[in-house]
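# Residue-level structural notes
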Amino acid sequence: QVQLVESGGGLAQPGGSLRLSCVASGSIFRINAMGWYRQAPGKQRELVAMLVSGDSPNYADSMKGRFTISRDNAKNTVYLQMNSLNAEDTAVYYCYAVIGLVGSHTSGHYWGQGTQVTVSS
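Everything in this summary refers to the structure shown in the same document.

Cut-offs used in this document
Residues numbered from 1 in each chain as written. Predicted model: local features only at pLDDT ≥ 70, side-chain atom pairs only at ≥ 80, totals over all residues. Heavy atoms only, no water. Phe/Tyr/Trp six-rings, centres within 6.5 Å; stacked < 30°, edge-to-face > 60°. Helix = DSSP H or I, 4+ residues; strand = E, 2+ residues; numbered from the N terminus. Buried < 20%, exposed > 50% of the residue type's maximum accessible area, 1.4 Å probe, protein only. Core = buried A, V, L, I, M, F, W, Y, C linked by side-chain atoms within 4.5 Å. Contact = heavy atoms within 4.5 Å.

A few words on the packing of aromatic side chains. Considering all chains together, one arrives at three aromatic pairs under this definition. Where Tyr37 meets Tyr96, the ring centres are 5.8 Å apart and the plane angle is 75°; that geometry is what we call edge-to-face. Of the two residues, Tyr37 sits in strand β4 (residues 28-39) while Tyr96 sits in strand β9 (residues 91-101), which places them 59 residues apart along the sequence. Note on Tyr96: relative accessible area 12%, which makes it buried.

Written out as structure tokens, the structure is:
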């Protein structure tokens, strides 16, 4: 089994920064992709950033230039550095990963529990 655990959420002021982390654990053979989605009350879950192994990171338009996704392969960890935060960034942020397990020739899709990010003065 695989578990994704997010951390780093909290309260930030407009214009401030937060850094989210997501650690994948379990019988992991290969991580094909890791990234972040977010969901605000009354809105659909939307892509924030995604890092597919071997490719350049991709971002939603509203996050380009403000957010940076990175990954530490040795630690099975993905990060989201969020700068220039505004009130519209308030949401629950969910880690997402596509992972191949040890002993399996197929990959599964996994979600973290989510971490709350609130931007308010």
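Residues Leu4, Trp36, Leu80, Met82, Tyr93 and Ile99 are the most contacted members of the largest nonpolar core, which totals 32 residues. Elements represented by at least two residues in this core include exactly β1 (2-7), β3 (18-26), β4, β5 (46-52), β7 (67-72), β8 (77-82), β9 and β11 (115-119). Here the element with the most residues in this core is β9; it accounts for five residues. The contacts of Met82, once residues within four sequence positions are left out, are Gly16, Ser17, Leu18, Leu20, Arg66, Phe67, Tyr93 and Val117.

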